[in-house]
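Structural characterization, general
As a plain string of letters, each chain reads:
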Amino acid sequence: MKDEAHRQVRRFPTSDLARVAVFAALIAVLGLPGSINVFGNAVPITLQTFGVMLAGAILGTWRGALAVAVLLVLVAAGLPLLAGGRGGLGVFALPSAGFLIGWLPGAAVTGWLVERGGRTPGLVRLVAACLVGGVGVIYLFGIPVQAAVTGLSLGKTMLLSAAFLPGDIAKAVITALVARGTQRAYPDAVPAVHRERVRAAGGR
């Protein structure tokens, strides 16, 4: 039993737990400026997707997804951590619920794509990872749920969601620039480097 517990600790060291907590807090803080609704869209525009992309790009697949999961659990518990001070289980019945749920696989896919870039993921890969994971995957979850909740057609909902694209593309580019700068300054921040180090230590 002690050996198994020791292996679990090695798989997820305290430093990783701290990074997960920091990024969960970062996503929450990015909700402080609030949100805006444009063109009558029931889903607001917020800065929090920037934090989701950044979590995936810097933490990688599992840690990025875990940071989002921690935030969503706290939101479900009632903490007002979403933009506009929203929180509680009720937010998962709103038109934006699919986008919130999509944050988790969005961060994971972003991290997975960055990890595939090896020890020195280039800027183009980082932008592509953020666009695929932080935009495409989140929309894939968000748009159908929004259509179902609002009763609008899928096509109409897609048109409404097109208003998000300019801002989300800008977030993807900024995320890539921040992640690239961070990884150049701190090579250990590259997800693939971290994964190799964990595996060398006997983790997953």
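Above this text sits the structure in question.
Figured I'd write up the structure that's included with this text.

About the criteria used
Residues numbered from 1 in each chain as written. Predicted model: local features only at pLDDT ≥ 70, side-chain atom pairs only at ≥ 80, totals over all residues. Heavy atoms only, no water. Helix = DSSP H or I, 4+ residues; strand = E, 2+ residues; numbered from the N terminus. Rg over C-alpha atoms; globule rule 2.2 N^0.38 Å. Buried < 20%, exposed > 50% of the residue type's maximum accessible area, 1.4 Å probe, protein only. Contact = heavy atoms within 4.5 Å. Areas by Shrake-Rupley, 256 points an atom, 1.4 Å probe, with all protein chains shown as cover. Lys, Arg positive; Asp, Glu negative; His and termini not counted. Charge placed at Lys NZ, Arg CZ, Asp CG, Glu CD. Salt bridge = Lys/Arg side-chain N within 4 Å of Asp/Glu carboxyl O. Phe/Tyr/Trp six-rings, centres within 6.5 Å; stacked < 30°, edge-to-face > 60°. Core = buried A, V, L, I, M, F, W, Y, C linked by side-chain atoms within 4.5 Å.

The next subject is the overall build of the chain. Counting secondary structure elements, the chain contains nine helices and zero strands. From first element to last, N terminus to C terminus, the chain shows the α and β order α-α-α-α-α-α-α-α-α. Taking 204 residues into account, the globule formula puts the C-alpha radius of gyration at 17 Å, and the chain, at 17 Å, falls close to it. Along the longest, intermediate and shortest principal axes, the C-alpha atoms of the chain span 55 × 40 × 30 Å. Buried positions account for 43% of the 204 residues belonging to the chain. Within the chain, residue pairs in contact and separated by at least 24 positions form 69% of the contacts whose partners lie at least 6 positions apart. Surface exposure of the chain reaches about 9,900 Å², of which carbon and sulfur atoms provide 71%. One way to put it: in the chain the 18 positive side-chain charges average out to a point 5 Å from where the 7 negative ones average out.

Tallied over the full model, the rule gives three salt bridges. The shortest N-O distance in the salt bridge between Asp 16 and Arg 19 comes to 3.3 Å. Here Arg 19 and Asp 16 lie together in helix α2 (residues 14–29), a separation of three residues that amounts to about one turn. The class for Arg 19 is partly exposed, based on a relative accessible area of 36%. Lys 171 is the salt-bridge partner of Asp 168, the closest N and O atoms lying 3.3 Å from each other. A residue pair is termed a helical-turn pair when its members lie 3 or 4 positions apart in one helix, as Asp 168 and Lys 171 do in helix α8 (residues 165–185) at three residues. There is no split in this pair, since Asp 168 and Lys 171 are both buried.

Moving on: the packing of aromatic side chains. For the structure shown, the criterion picks out three aromatic pairs. With a centroid separation of 6.2 Å and an interplanar angle of 80°, the aromatic rings of Phe 99 and Tyr 139 are classed as edge-to-face. Taken together, the residues Phe 99 in helix α5 (residues 97–115) and Tyr 139 in helix α6 (residues 123–150) connect sequence positions 40 residues apart. Considered together, Phe 99 and Tyr 139 belong to a single accessibility category, that of buried residues.

Counting residues in hydrophobic clusters, the biggest one holds 22 residues, and the most contacted among them are Val 52, Val 68, Phe 99 and Trp 103. Top contributing element to this core by residue count: α6, with five residues. Apart from the residues lying within four places of it in its own chain, the contact partners of Phe 99 are Val 43, Ile 138, Tyr 139, Gly 142, Ile 143, Gln 146, Ser 161 and Phe 164. If you look at the next biggest cluster of nonpolar residues, it comprises 17 residues, including Leu 30, Leu 54, Val 114 and Leu 126.

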